[in-house]
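Listed below are the residues making up each chain.
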Amino acid sequence: MSRGKLSPEDVRQLYEQYGRALLAYAYAIVSGRAAAEDVLHQVFERLLRGNTEISGSATTYLYRAVRNAALNHLRDHSREVALSNGAWLESPKGLEADGVALQSALRDLPEEQREIIVLHIWGAMSFDEAAAVYDISPKTAASRYRYGLAKLREKLKPIE
Amino acid sequence: MDPNVHDDELEAFLRQFQPAKPSALPEGSPRTGLFSVRPHVWIAAAALLVCLGIGLAMRSFDPAPIDNPAAASDARLMHEIVTHLSRPLAEPMTPLLATFPPDEYARRQLSTTSAAEPRGKR
């Protein structure tokens with residue numbers, strides 16, 4: 001998707017379309033649901049104000065903007081500790097325990113691997129698109145993803 | 001989970017979980033223009049206006065008494081004091097010089113000159 005200046009309606013549509021994945025992505029960087037939502041709203045309110053022009057892919061722009069806002073948030077609130085992390089993945093019926101284990105396992109992954117997994121799985125981004133968010137090569141993005149999956153598999157292994 | 005599970009299966013497992021829905025964006029368009037200015041800017045502007053108002057009020061206040069003779073007399077006295085204090089420093093010296101007898105001054109000047117004259121003639 002490629003756009004220039006966005007109307008408020010376009011912005012709201014983008015929020016509907018990418019809000020969940022972007023929230024998960026913000027969650028992969030900051031700790032706590034409230035902080036992740038703050039970051040997400042900050043990015044979209046800036047877009048609603050209408051003084052931001054998007055050149056190139058809107059998806060890449062959104063993920064980059066969320067990443068920058070999340071890093072700024074981390075820098076400004078480095079001393080704060082989230083009182084509650086809250087759930088950021090909705091589990092299907094019967095998989096609630098797996099959901100909790102998965103969130104915990106994701107939290108334990110190195111940040112760069114966790115972010116690529118979120119982008120690829122829940123952001124539905126190809127490795128080329130994910131690589132554009134970080135200015136890295138698609139091969140690097142793919143290798144981070146593979147390492148991340150391997151660690152995730154290890155962490156989700158039942159205790160024997 | 002089976003530790004030998006393939007990447008495809010692991011991905012399928014992960015995709016069963018959906019990211020949580022974020023809360024709705026605030027309704028209405030965000031504040032723009034003057035209303036988007038942060039509160040501390042408003043406070044600073046208000047303080048500046050108050051200072052400006054006080055300054056103008058003090059400027060327009062005329063301290064010169066017109067109707068009150070006693071106050072007018074005070075003002076005249078104040079004016080004299082200020083005039084007196086702002087006189088050049090040399091002026092207060094005049095009475096001091098006046099106490100020095102002019103004849104004595106002239107005599108001293110004369111004696112100094114006449115004592116120097118013979119040396120010049122030599």
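Since the structure is predicted, the reported quantities are computational estimates derived from the model, not experimental observations.

A. Representation of the packing of aromatic side chains in the model. Residues and elements named next belong to chain A. Evaluated as defined, the whole model comprises four aromatic pairs over all chains. Taking 4.9 Å as the distance between ring centres and 80° as the angle between the ring planes, the aromatic pair formed by Tyr15 and Phe44 counts as edge-to-face. You can see Tyr15 sitting in helix H1 (residues 8–29) and its partner Phe44 sitting in helix H2 (residues 33–49), a full 29 residues away along the chain. On the basis of relative accessibility, which here comes to 6%, the residue Tyr15 falls in the buried class.

B. Just the interface of chain A and chain B, in detail. The interface of chain A with chain B comprises 37 residues on the first partner and 26 residues on the second. Summed over the shared surface of chain A and chain B, the result is two salt bridges. A salt bridge links Asp7 of chain B to Arg153 of chain A; its shortest N-O distance comes to 2.3 Å. Linking chain A with chain B are eleven residue pairs in polar contact (both at pLDDT 80 or more). Only H1, H2, strand S1 (89–90), helix H4 (96–108), helix H5 (111–122) and helix H7 (138–156) of chain A provide two or more residues apiece to the side of chain A that touches chain B. Considering each element in turn, the side of chain A that touches chain B owes the most residues, eight residues, to H2 of chain A. Its residues placed into classes, the side of chain A that touches chain B shows 21 nonpolar, five polar and eleven charged.

How each quantity is defined
- Residues numbered from 1 in each chain as written.
- Chains lettered and ligands numbered in written order.
- Predicted model: local features only at pLDDT ≥ 70, side-chain atom pairs only at ≥ 80, totals over all residues.
- Heavy atoms only, no water.
- Phe/Tyr/Trp six-rings, centres within 6.5 Å; stacked < 30°, edge-to-face > 60°.
- Helix = DSSP H or I, 4+ residues; strand = E, 2+ residues; numbered from the N terminus.
- Buried < 20%, exposed > 50% of the residue type's maximum accessible area, 1.4 Å probe, protein only.
- Contact = heavy atoms within 4.5 Å.
- Salt bridge = Lys/Arg side-chain N within 4 Å of Asp/Glu carboxyl O.
- Polar contact = N/O pair within 3.5 Å; in protein donor to acceptor, adjacent residues only side chain to side chain.
- Nonpolar A, V, L, I, M, F, W, Y, C, P; charged D, E, K, R; others polar.

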